[in-house]
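So you can see what is in the structure, the chains are spelled out below.
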Amino acid sequence: MLVILVSFAFGFGLALARIGLPPMVGFLIAGFAYNMAGLAPPAGLDTIANLGITLLLFSIGLKLDVRGLLKAEIWSGATTQMLFSIAFMCGAFLLVREAFGASLLDVSMGTILLLSFAFSFSSTVFAVKVLEDKGDMSALYGRIAIGLLIMQDLFAVLFLSLTAGKIPSIWALGLIGLPLVRPVLYRLLDLAGHGELFVLSGLFIALGLGAELFSLVGMKADLGALVVGVLLAGYHRASELSYALFSFKELMLVGFFLSIGMTGLPTMEMLLAAFLLCLLLPFKTGIYYFVISLFGLRARTNLFASLTLTNYSEFGLIVAAIAVGQGLLSSEWLMIAAMAVSISFALSAPLSMHAEHVYRLMQGWLCKFERKTCHPLDAPIDPGSVRAMVIGMGRIGMGAYDELLKTYSEDDICGVEHNPSRVDSNRAQGRNVLLGDACDTDFWLKLRKDLNLEIVILAMPKHQGNMFAARQLLNYEIECRIAAIAHYQEEVEELSRIGVCSAFNMYERAGAGLVRIAFESCKLPEYPSRQGGESEGFAEDETKPVLS
């Protein structure tokens, strides 16, 4: 059975990916097809699905800025959206019941409110997957969408705790002391090295210290995984851990999407109800857009965030299951919720992936509703009259910035970095650094185009990021010399092909730089001039930024 299920998942996932939809939609359809074929679900599929959700929340925690949740556009925005969405869904259900006498809605007002609450959520799993596929997790609209979803998850955890009928243990108060074990967690990650022990250390922290510990004291296990992820978020190896667990998490999430489609066999009435629910999605998008726009964000940011959240959540399935178990709903609603979630994913995926095209079609109309005062994080980016810019202020970027100070004055240089803590660290050391993500199209749209730049150094760690930034500089016809770092010779050649004047192979040039430093620091005879084998386009002192 397991081989058949994997074959279904691969076949439908590949087919949907070929027509431009995320593979997750194919996994959902594969679950329905497997169920309709009359095959029994493999043992342990639910365990795998739950493990995928737990690891997803842990990975979200690793990237979560808690301070961001305290911003007005996040906590108040999520609360306002929930209230508006519940009121709208409740009105829609009552209208359908009174107008068409739908037997499925022949329930109490309390149950109507419960259904409205369930369908007011958007899917964290779907949104994170789409943002990861687009590379927009760190974009402003992505951070807003994830922040709203985290707040929704907190509302969900509160609801599940209340409906579970059990009160957390008195020992749950001890969880307040979890931040005290943060140094121990850091030490565990360091001791684990970089191989398979490192992956196991992440699983141990997420499942053992997070999920299982919270479960033992009567708290939601998934909340525990999220909390311990947040504890590790400020550590320098957090991103490495997230990357190490990425493939494992993705595989487990396949089980989650497959399990959604195996909840039962749909009827035409259920399918019609699910489609009618999906007809309400544009109104849900409008509510998100209205709420987000209240905080002065630009039309593009509002639309991108809203389209990412245009779907129903797997949490609707959980609420439906609880209501069915308590006799508040008929079992048909569980299948309706599953199909509505699946169809909403299929509709939302292409909208999210082609959000830029949708924005261009609606730009003139949407911009009429922009507020006069723009949110500081969404305001145009003006680096001033700088002549040199370093994009990516990690160790290499800092070295390049300091090396440029030998040629330019402090007022003539600007750094760009997407990590807020790294921005603060560079500013504390006296560097002029702006907060911005050069891998986000929105950064280039907001950047002032009449710059007098002479040189731009692309020092981001990932080759694709440097390629993207270089293309944007060329597309917007910003006249300057572009230099970039690379890890391999083929990356150097790729950068050169698109017009980068100097591509610096770090590993190849580090050896030459080390010899130069050795001659200078050990007072050896004068460093010999290099005769042959030089890469074109490199100056005599080009190795210094790498070793600074």
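Residues numbered from 1 in each chain as written. Predicted model: local features only at pLDDT ≥ 70, side-chain atom pairs only at ≥ 80, totals over all residues. Heavy atoms only, no water.

What follows deals with the overall build of the protein. Along the protein, the regular secondary structure elements total 25 helices and 6 strands. Within the protein, residue pairs in contact and separated by at least 24 positions form 74% of the contacts whose partners lie at least 6 positions apart. For the protein, the computed accessible surface area is about 26,200 Å², with 64% contributed by carbon and sulfur atoms. (Helix = DSSP H or I, 4+ residues; strand = E, 2+ residues; numbered from the N terminus. Contact = heavy atoms within 4.5 Å. Areas by Shrake-Rupley, 256 points an atom, 1.4 Å probe, with all protein chains shown as cover.)

Below, the discussion takes up a nonpolar patch on the surface. Together, Leu180, Val181, Val184, Leu188 and Phe204 line one region of the surface with nonpolar side chains, adding up to about 480 Å² of accessible area. Looking at where Val184 falls in the secondary structure, it is placed in helix α9 (residues 182-191). (Patch = residues over 30% accessible without salt bridge, like charges linked within 9 Å, V, L, I, M, F, W, Y side chains within 5 Å. Salt bridge = Lys/Arg side-chain N within 4 Å of Asp/Glu carboxyl O.)

Moving on to the nonpolar core. Residues Phe93, Phe119, Phe257, Leu277, Tyr312 and Trp333 are the most contacted members of the largest nonpolar core, which totals 107 residues. Counting 27 residues, the second largest nonpolar core, distinct from the first, contains Trp444, Leu453, Ala470 and Leu473. (Core = buried A, V, L, I, M, F, W, Y, C linked by side-chain atoms within 4.5 Å. Buried < 20%, exposed > 50% of the residue type's maximum accessible area, 1.4 Å probe, protein only.)

A word on the environment of Pro380. With respect to the helices, strands and loops of the structure, Pro380 is situated in the loop between α18 (355-366) and β1 (388-391). Taking the C-alpha atoms as reference, Pro380 lies 9.9 Å from Asp442; in sequence the two are 62 residues apart.

The next thing to look at is the environment of Ala503. Here Ala503 lies in strand β6 (residues 502-505). Expressed as a C-alpha distance, the spacing of Ala503 and Leu458, which sit 45 residues apart in the sequence, is 9.4 Å.

Attention shifts here to the pattern of salt bridges. Within this structure, the stated rule accounts for 12 salt bridges. The salt bridge involving Arg387 is made with Glu454; its shortest N-O contact spans 2.9 Å. Note that Arg387 is positioned in the loop between α18 and β1 and Glu454 in the loop between α21 (441-446) and β4 (455-458), a separation of 67 residues in sequence. Look at Glu454 and you get partly exposed, because its relative accessible area is 35%. Across the pair Asp402 and Arg431 runs a salt bridge whose closest N-O atoms are separated by 3.0 Å. Taken together, the positions of Asp402 in helix α19 (residues 395-404) and Arg431 in the loop between α20 (420-428) and β3 (433-435) put the pair 29 residues apart, joining distant regions of the chain. You can call Arg431 buried: its relative accessible area is 10%.

Let us look at the sheet that holds strand β2 (residues 413-417). Read across the sheet, 6 strands follow the order β3-β2-β1-β4-β5-β6 without closing on themselves; strand pairing throughout is parallel. Strands at the two margins of the open sheet, each flanked by one partner only, are β3 and β6. If you compare each strand with its neighbour and ignore which way they point, the axes differ by 20° on average. Bridge analysis of strand β5 (residues 481-486) against β6 gives 4 bridges, and the strand direction is parallel. (Pairing = 2+ DSSP bridges. Axes fitted to C-alpha atoms, helices over the stretch in contact; angles between N-to-C directions.)

Taken as a whole, the protein shows an average pLDDT of 81; of its residues, 88% reach a score of 70 or greater. Across the protein, β1 holds the top mean pLDDT of 94, while helix α25 (residues 544-547) sits lowest at 33. Counting interchain partners and residues more than four positions distant, the pLDDT-below-50 stretch residues 530-548 has 34 contacts. (pLDDT = per-residue confidence, 0-100.)

For the pair helix α15 (residues 299-308) and α18, interaxial distance at closest approach is 10 Å and the crossing angle is 130°. When the interaxial angle is binned, α15 and α18 end up oblique. In this structure, the crossing between α15 and α18 has a hand that is right-handed. Contacts from Ala299, Arg300, Leu303, Phe304 and Leu307 of α15 reach α18 at Ala355, Glu356, Val358, Tyr359 and Leu366. The residue makeup of the contact of α15 with α18, split by class, is 8 nonpolar, no polar and 2 charged. (Parallel < 35°, antiparallel > 145°, perpendicular 65-115°, else oblique. Left-handed = near helix turned anticlockwise from the far one by under 90°. Nonpolar A, V, L, I, M, F, W, Y, C, P; charged D, E, K, R; others polar.)

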